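Here is what each chain is made of, one letter per residue.
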Amino acid sequence: ITELFPFASLLEKVPIKKITRFQENEYWIITFNRGLFLLNTASQTLTSYFDGDANRSKVTSIVLHDSKLVVACLQHLFYLLPQTNSNLYKIQPLLSGFSFPEIKEVFSYHDNLWIGTISEGCLLIQNPVDEKSPVKSFNKVSGGIGCFVTDTNDNLWIGTRGGGIVQYNPFTQTTEVASNS
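Treat the numbers as computed from the prediction; the structure is a model and nothing was measured.

Rules behind the numbers
Residues numbered from 1 in each chain as written. Predicted model: local features only at pLDDT ≥ 70, side-chain atom pairs only at ≥ 80, totals over all residues. Heavy atoms only, no water. Helix = DSSP H or I, 4+ residues; strand = E, 2+ residues; numbered from the N terminus. Polar contact = N/O pair within 3.5 Å; in protein donor to acceptor, adjacent residues only side chain to side chain. Contact = heavy atoms within 4.5 Å. Pairing = 2+ DSSP bridges. Axes fitted to C-alpha atoms, helices over the stretch in contact; angles between N-to-C directions.

J.: With reference to specific residues and values, describe the environment of Q167.
T.: Here Q167 lies in strand β15 (residues 165-169). Of the polar contacts made by the side chain of Q167, one reaches the side chain of D151; its length is 3.3 Å.

And the structure:
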């Protein structure tokens with residue numbers, strides 16, 4: 001990494017969990033034990049977030065939902081709000097009174113923020129997502145959730161932790177399960 005981005009040489013020794021991008025020149029890097037980094041190739045900066053002892057090993061996911069960045073840190077959600085005239089973001093707690101079961105993944109789909117938990121299934125929050133939004137359980141999937149993705153027909157595929165793959169059709173509100181049983 002030092003050859004391409006000398007300003008980001010710190011990342012050479014950091015264990016990386018996930019890298020994603022939501023806009024040009026901004027790469028979000030989730031680490032196992034150093035929080036979240038923003039690598040900005042235009043400004044040639046590396047900025048760390050959630051690097052304090054309380055959250056540095058708890059960042060699990062980041063998603064762009066309703067034009068806002070949402071970060072999951074095991075039991076809590078946060079917004080990262082862009083600061084005016086700056087490449088920096090401000091951390092703002094989201095649903096601070098709610099303690100989630102261990103969050104594995106967050107995903108934006110059909111005006112809902114989907115939350116996959118390690119052991120308590122799938123939760124969702126309908127727009128607008130704010131401090132008073134109700135958190136609902138998506139009862140069509142149980143157990144742990146590992147990931148989400150959509151297909152070309154706009155179905156949501158939910159990867160479970162041992163219960164197969166669940167395909168959810170939002171138009172008919174039906175699910176199909178593909179499992180190895």
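Having seen it, we continue.
J.: Describe the side chain of T160, listing the residues and the values that go with them.
T.: Looking at where T160 falls in the secondary structure, it is placed in strand β14 (residues 156-160). A distance of 2.8 Å separates a polar atom in the side chain of T160 from the backbone nitrogen of G163. At 2.5 Å, the side chain of T160 and the backbone oxygen of G164 are in polar contact. Not counting chain neighbours up to four residues away, the residues in contact with T160 comprise V141, G144, I145, G146 and V166.

J.: Account for the sheet that holds strand β1 (residues 16-23), with residues named and values stated.
T.: Strand order in the open sheet formed by four strands is β1-β2-β3-β4, with antiparallel pairing between adjacent strands. Pairing within the sheet leaves two strands with one partner each, and these edge strands are β1 and β4 (45-49). Along the sheet, successive strands turn relative to each other by an average axial angle of 20 degrees, direction set aside. The pairing of strand β2 (residues 26-31) with strand β3 (residues 36-40) spans five bridges and is classified as antiparallel. Bridge pairing links W28 to L38 in β3.

Any functional reading would require information beyond the geometric quantities listed.
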